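Letter by letter, the chains look like this.
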Amino acid sequence: MKIELLCALIPLFPLLGFLINGLGFRQIPKGVAGVLATATVLASFLLSTYLFSSFSGDTQPIVATLFDWISVGDLHINFSFQIDQLSLLMLLVVTGVGSLIHLYSIGYMSHDEGFGKFMAFLNLFIFFMLLLVMGSNYVIMFIGWEGVGLCSYLLIGFWNKNISYNNAARKAFVMNRIGDLGFLLGIFMLINTFGTVEYIDIFKQATSLEIGDSTVLVITLLLFVGAMGKSAQIPLYTWLPDAMAGPTPVSALIHAATMVTAGIYMVVRSNVLYTLSPLTLEIVGGIAIATALLAASIGLLQNDIKKVLAYSTVSQLGYMFLGLSATAYTAGMFHVITHAFFKALLFLGAGSVIHAMSDEQDIRKMGGLRKALPITFVTFLIGTIAISGLPPFAGFFSKDEILAHVFEHNKLLWALGVLGSSLTSFYMFRLLFLTFFGEFRGTEEQRHHLHESPLSMTLPLMVLAVLSAIGGGLNLPGGGWLSQFMAPIFEGSRLVNPEAFAESTAEHSTEYILMAVSAGVALLALVIAYVMYISRQAVPAPDSTDRSLPEQVVYNKYYVDELYESIIIRPIRGLGDTLYSFGEGLVDGIVTGVAWLVQKGSAQLRLLQSGSIGFYVLAMVVSIVAIFALRFFIRL
């Protein structure tokens, strides 16, 4: 099969699924719509697997040009795909985890009236994400970038009869547009600086630049503004927790396999530029650790099962960017992959709980569910252990690799990273214990409704649980498979800054100590959570309970939304209302004034219609004389 055809088919299958289900969702039976949507993504996964298996690790990037797209002067932009180690990894993650989420949605959304439309939107989401990761230039990436933003709006506000859900969708859309403006300006600067948007051409030219180049600094900062929006970093992170308004499979798709990983992918793809700009990496590291700790601390007191996982996602994205700031690009991508496994597992597990609890999401009203939901419990437990960084599951290896690189780069950032790891372990085991252990705290009606989810929902959980358990084997300490596979991606960065990619100088004993500390703090947090919520059977207090000032601040998420409301939203809305009132008055005044002049003028001109033939003849003669005078005697 020709490489161009193969590359075209991978995103084409989900697009076909979207078109068929989107146009015919009122006529196509739910069963057919679900199978069709899942089959298209699965077909893309199988093609991606075939492409991966036929790609040799030392092969140069393959650029498959579908057609010439834009030509303006010396600027030529092709609609083309680039197949290399990075795009292949993302293809497998997006289509693999995405197909499991589609399968899960068949069971979870089976009773929803808009089932066919929902599956169509999921397909469209996958299509745009595939464009984002397959494109050979920044413009194709931007199309996918904007597309997933559109799909997030459609899916977060899918239940559009609920005003708060619509507000959450609009919030996500607007905040991402702010980041996208920075990303777009970065692309314009790339065109102005390098005369192209093709990855290969830009990075080849960039290797001749000096480290610390001011133009590269501005470009990388602008691109990172886009990443801050898509990957929910301070200050553009508040949309992601609110994205929980959408159906649970949407949360899993956005938080695990697609949209939020776009920022990480973009930085790794642009690794040469970021390696040339150490100052940008320092800024990225500072924002990343602040985001990781802020989100983790908020997660400590959240009582909505999906909100806990949402703030967990924001925190884990901070860890990924923290790794990238230490030029640990492989470690960052490693955590993207393992996070896709266990975060999709946790969100889908939460959906299984919500399904059994008749749409209840408050963990204070749960408890003791492990008996009624055994498969959900075991898989959720595996996901919790993985995200907490406890060996030997996937999260331990990826998070430990990030912390090891950060330790060599900056000891303070490492200490703060370990603190964040302990917070993660605590709030995740708090969530696990309050949901699945103790006595059931719901209503009798909910107790009667408790049941394990159908196979279409539990099968993806079991597959993801296995991946969350063994996924760490992709990059074991001491130079694992992933490090060797991705090495060609970073040749340009090695060329411009060999020191950043030098062999670690840390002794094996130091590495073992770092691993022990990382696992030890996670285990300690587990014990503290066990004592509080199992031994002492503590249950979080109702919302109306008086809290201490620090607890109140954290419980209300540091009042960041309220701050944005006060200093940004209200002033802009007030300015808009003022301009609207002024514009409305001005326009109304002009329109009304013209109408008044016409009315008064016509009333006076009517008087000339006297009915006297003599007056009409006189008027004609005067008019003819005036025309002749203007034509022959008066020179204007």
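Here is a short report on the structure shown in this document. Keep in mind that this is a model prediction, so the values were computed, not measured. (Residues numbered from 1 in each chain as written. Predicted model: local features only at pLDDT ≥ 70, side-chain atom pairs only at ≥ 80, totals over all residues. Heavy atoms only, no water.)

Quick look at the overall build of the protein now. Along the protein, the regular secondary structure elements total 26 helices and 2 strands. Taken along the three principal axes of its C-alpha coordinates, the protein extends 115 × 65 × 55 Å. Scored against the burial criterion, the 636 residues of the protein give a buried share of 52%. Of the charged side chains in the protein, 33 are positive and 40 negative; the average position of the first set lies 11 Å away from that of the second. (Helix = DSSP H or I, 4+ residues; strand = E, 2+ residues; numbered from the N terminus. Buried < 20%, exposed > 50% of the residue type's maximum accessible area, 1.4 Å probe, protein only. Lys, Arg positive; Asp, Glu negative; His and termini not counted. Charge placed at Lys NZ, Arg CZ, Asp CG, Glu CD.)

Of all residues except glycine, most have a negative phi; of all peptide bonds, most are trans. In this chain, I234 is followed by P235 through a cis amide linkage whose omega measures 5°. Mapping P235 onto the fold places it in the loop between α8 (214–230) and α9 (239–242). Between P391 and the following residue, P392, the backbone shows a cis peptide bond with an omega angle of 5°. Mapping P392 onto the fold places it in the loop between α16 (374–388) and α17 (394–409). Of note in this structure, T327 is not a glycine but carries a positive phi near 55°. The class of T327 is buried, set by a relative accessible area of 14%.

The next point concerns a nonpolar patch on the surface. Together, L605, L608, F615, Y616, L618 and V622 give the surface a local cluster of nonpolar side chains, amounting to about 560 Å² of exposed area. Element by element, the count of residues in the nonpolar patch is highest for helix α26 (residues 613–633), at 4 residues. Position of L605 among the secondary structure elements: in helix α25 (residues 560–605). (Patch = residues over 30% accessible without salt bridge, like charges linked within 9 Å, V, L, I, M, F, W, Y side chains within 5 Å. Areas by Shrake-Rupley, 256 points an atom, 1.4 Å probe, with all protein chains shown as cover. Salt bridge = Lys/Arg side-chain N within 4 Å of Asp/Glu carboxyl O.)

Here we come to the packing of helix α2 (residues 30–53) against helix α4 (residues 115–134). Two elements in contact, α2 and α4, have axes whose closest approach is 9 Å; the angle formed by their N-to-C orientations is 10°. Here α4 runs roughly parallel to α2, going by the angle between their axes. For the pair α2 and α4, contact is made by K30, A33, G34, A37, T38, T40, V41 and S44 and by F115, G116, M119, N123, I126 and L130, respectively. The residue inventory of the contact of α2 with α4, partitioned by class, reads 7 nonpolar, 6 polar and 1 charged. (Axes fitted to C-alpha atoms, helices over the stretch in contact; angles between N-to-C directions. Parallel < 35°, antiparallel > 145°, perpendicular 65-115°, else oblique. Contact = heavy atoms within 4.5 Å. Nonpolar A, V, L, I, M, F, W, Y, C, P; charged D, E, K, R; others polar.)

Within a regular strand, the side chains alternate between the two sheet faces. Two strands pair when backbone bridges link them, and strand β1 (residues 62–72) and strand β2 (residues 75–83) are joined in this way by 9 bridges, in the antiparallel orientation. Looking at the pairing, I62 lines up with I83 of β2. Taken together, β1 and the strand that follows it, β2, pair antiparallel across an intervening segment of 2 residues, in which G73 is found at a positive phi of about 60°. (Pairing = 2+ DSSP bridges.)

As a further point, take α16. Compared with an ideal rise of 1.5 Å per residue, which puts 15 residues at 21 Å, α16 spans 21 Å between its outermost C-alpha atoms and is within 8% of the ideal. In terms of residue burial, α16 counts as a mostly covered element, since 11 of its 15 residues are buried. Residues of α16 that are buried include every one of T376, F377, T379, F380, I382, G383, T384, I385, A386, I387 and S388, and no others. Looking at the buried residues of α16, the elements they touch are α14 (305–325), α15 (329–356), α17, α18 (411–436), α20 (455–470) and α23 (508–535). Positive phi appears at G389, one or two residues downstream of α16, with a value of about 85°. (Expected span 1.5 Å × (residues − 1).)

Counted according to the given criterion, the structure contains 29 aromatic pairs. Ring plane angle 80° and centroid distance 5.2 Å describe the contact between F407 and W414, whose orientation is recorded as edge-to-face. Here F407 and W414 have matching classes, each one buried. Ring pairs connect the aromatic residues F377, F380, F429, F433, F436, F437 and Y530, which therefore count as one cluster. The ring centre of Y555 lies 3.8 Å from the NZ or CZ of R547, which sits over that ring. (Phe/Tyr/Trp six-rings, centres within 6.5 Å; stacked < 30°, edge-to-face > 60°. Lys NZ or Arg CZ within 6 Å of the ring centre and 35° of its normal.)

Of the voids in this model, the largest pocket is the one considered here, and its volume is about 1300 Å³. In terms of lining, the largest pocket is formed by 44 residues, of which the most central are E401, H405, E408, A502 and S504. Put simply, the parts of the chain that give the lining of the largest pocket at least two residues each are α13 (278–299), α15, α17, α21 (481–486) and α23. The leading source of residues in the lining of the largest pocket is α17, at 8 residues. When the residues that make up the lining of the largest pocket are grouped by side-chain class, the tally is 21 nonpolar, 15 polar and 8 charged. (1 Å grid on protein atoms, 1.4 Å probe; cavity = no way out; pocket = protein on both sides within 12 Å on 5 of 7 lines; lining within 4 Å. Points joined across faces, edges and corners; volume = space filled by probe spheres on them.)

For soluble globular proteins, the rule of thumb is that nonpolar side chains tend to be buried together. Counting 198 residues, the largest nonpolar core has Y138 and W239 as the members making the most contacts within it. Other than its neighbours up to four places away in sequence, W239 contacts K171, A172, M175, N176, G229, K230, A232, I254, M259 and V260. (Core = buried A, V, L, I, M, F, W, Y, C linked by side-chain atoms within 4.5 Å.)

Below, the discussion takes up the side chain of S48. Position of S48 relative to the elements: it lies in helix α2. The contacts of S48, once residues within four sequence positions are left out, are I10, L91, L92 and T95.

Below, the discussion takes up the environment of A487. Inspection of the secondary structure puts A487 in the loop between α21 and α22 (491–496). Judged by relative accessible area, which is 18%, A487 ranks as buried. Considering only alpha carbons, one finds A487 and N78, 409 residues apart in sequence, at a separation of 27 Å.

As a further point, take the side chain of D362. Of note, D362 is situated in the loop between α15 and α16. A polar contact is formed between the side chain of D362 and the side chain of R364, at a distance of 2.9 Å. (Polar contact = N/O pair within 3.5 Å; in protein donor to acceptor, adjacent residues only side chain to side chain.)

With that out of the way, let us pick up the pattern of salt bridges. Taken as a whole, this structure holds 13 salt bridges when the rule is applied. A salt bridge links D180 to K230, with the shortest nitrogen-to-oxygen separation between them at 3.4 Å. Highlighted residues: D180 in helix α6 (residues 163–194) and K230 in helix α8, separated in sequence by 50 residues. The exposure class assigned to D180 is buried, which follows from its relative accessible area of 3%. Between R573 and E565 there is a salt bridge; the shortest N-O distance is 3.8 Å. With relative accessibility at 48%, the residue R573 sits in the partly exposed group. In this structure E565 comes out as partly exposed when scored by relative accessible area, which is 24%. What you see here is one network of salt bridges that share partners, running through E146, R177, D180 and K230.

The next thing to look at is the packing of helix α3 (residues 85–108) against α20. Angle between the axes and distance between the axes: these two values describe a pair of packed helices. It is at 7 Å that the axes of α3 and α20 come closest, and there the two elements cross at 150°. On the basis of the axis angle, α3 is roughly antiparallel to α20. Of the two elements, α3 crosses α20, and the hand of that crossing is left-handed. Taken together, the residues of α20 that come into contact with α3 (itself represented by L100, L103, Y104, I106, G107 and Y108) are S456, M457, L459, P460, V463 and L464. Grouping the constituent residues of the contact of α3 with α20 by class yields 10 nonpolar, 2 polar and no charged. (Left-handed = near helix turned anticlockwise from the far one by under 90°.)

Any link to function would need more than the numbers given here.
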